[in-house]
Amino acid sequence: MSFPTHVKIVEVGPRDGLQNEATPITVEQKVTLIERLADAGLSVIESGSFVSPKWVPQMANSDDVLARINRRPGVTYPVLTPNKKGFMDALESQVTEVAVFAAASETFSLKNINCSIDESLTRFEPVLESAEKHGIKVRGYVSCVLGCPYDGEVDPSVVAEVAHKLYQMGCYEVSLGDTIGTGTPLKAQAMIRSVSERVPVEKLAAHFHDTYGQALANIFAVMALGVATIDSSVAGLGGCPYAKGASGNLATEDLVYMLNGMGIETGVNLEKLMAASAYISGVLGKPAHSKVALALAGK
Ligand code: HMG
Ligand code: MG
């Protein structure tokens, strides 16, 4: 088996991690978290969403967060934009990268963004056109790539079709979301094989939630097929408001520990990452969902 020598980690904690938290988190707390993640060496930190505040209240202060962070050279702070309105608002916050998000399941698409998969792709077209004009990079997400909370099994060929459309529209990277974390390693590999027939594997990212404790095994499996961009969430925070029971993404601490042990470079300092993890766990008043964080804290 061969593995990448370097992995790009996309830290999604301040967005995917916090979007589902019931307790309001202040702008200052979000900014502190983002600064600590940057201190730890994370170079891509998803920092908010320009979505309807009625749908996801926790992300309502994303513009204030972006106004307050001390943007560092070499670090990008992408945000989610579901439509042109979200994109125009994000533009006012001087973003350099945004993400659009589609799904491989019709019911999830309706529940999450109130439209069909095809309609969502149509809504993304003006986002991509405008982004190109403004020199802004666009990432594409596909949710439910290994199962849907409403429709159950998802066919890998549907994932490949949606991923290919996003790539063709101009998304520079397509992140494949196991939104509810039901995937297992061989299924994850079959899905990646199917998608990589339509989108080059170096353009793919794995975004695996850890609901059933499978995320690290699934990451290992897809890295063996060449996937070298991995989304994770500090302290294993998070879940999706429209995927009941979905727990957080794979914890960044657990990912970095495994990659360190495999000699795969990430540029992330685990000790400093622990400080970010301890900080946000303190704010939320609950322990990190990370075996590594618990093990290191107990030392
Ligand atoms: P809608 O109600 O169909 O939109 O929502 P609409 O166009 O009919 O507009 C209705 C109202 O929303 C209007 O306001 C608009 O101005 C406003 P009103 O006139 O009633 O006062 N509106 C907006 N406000 C702020 N920002 C916007 C925006 N657009 C319209 N961008 C919409 C459609 C997409 C807006 C809504 O469904 C929504 O915001 N959904 C957000 C869903 C979300 O954020 N989900 C979590 C992120 S995805 C995820 O977690 C999965 C991922 O992690 C990958 C994985 O794990 O698989 C990425
Ligand atoms: Mg997610």
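Heads up: the structure comes first, above all this text.
Small disclaimer: the values here were computed from a predicted structure and weren't measured.

### Overview of the packing of aromatic side chains
Across all of its chains, the model carries one aromatic pair by this definition. Each ring, one from Phe-3 and one from Phe-220, has its centre 4.9 Å from the other, and the planes form 45 degrees; the classification is tilted. A residue pair is termed long-range when its members are at least 10 positions apart, and Phe-3 in the segment before β1 (8-11) and Phe-220 in helix α9 (residues 215-223) qualify at 217 residues. Above the ring of Tyr-150, the side-chain terminus of Lys-111 is found at 5.2 Å from the ring centroid. Of note, Arg-139 hangs over the ring of Tyr-141, and the distance from its end group to the ring centre comes to 5.2 Å.

### Brief notes about the coordination of the magnesium ion (ligand 2)
Coordination sphere of the magnesium ion (ligand 2), protein contribution only: Asp-16 (OD), His-207 (NE2) and His-209 (NE2), at 2.0 to 2.3 Å. Residue classification places His-207 among the buried positions, given a relative accessible area of 4%.

### A few points about the state of the cysteines
Counted according to the given criterion, the structure contains zero disulfides. The thiol of Cys-115 is unpaired, and the distance to the nearest cysteine sulfur, on Cys-144, comes to 14 Å. Residue classification places Cys-115 among the buried residues on the basis of a relative accessible area of 1%. Just so you know, Cys-148 is unpaired, no disulfide at all, and the nearest cysteine sulfur is the one on Cys-144, 4.3 Å from it.

Conventions we followed
Residues numbered from 1 in each chain as written. Chains lettered and ligands numbered in written order. Predicted model: local features only at pLDDT ≥ 70, side-chain atom pairs only at ≥ 80, totals over all residues. Heavy atoms only, no water. Phe/Tyr/Trp six-rings, centres within 6.5 Å; stacked < 30°, edge-to-face > 60°. Helix = DSSP H or I, 4+ residues; strand = E, 2+ residues; numbered from the N terminus. Lys NZ or Arg CZ within 6 Å of the ring centre and 35° of its normal. Donors = N, O, S within 2.8 Å, 3.2 Å for Na, K, Ca; no water. Buried < 20%, exposed > 50% of the residue type's maximum accessible area, 1.4 Å probe, protein only. Disulfide = S-S within 2.5 Å.

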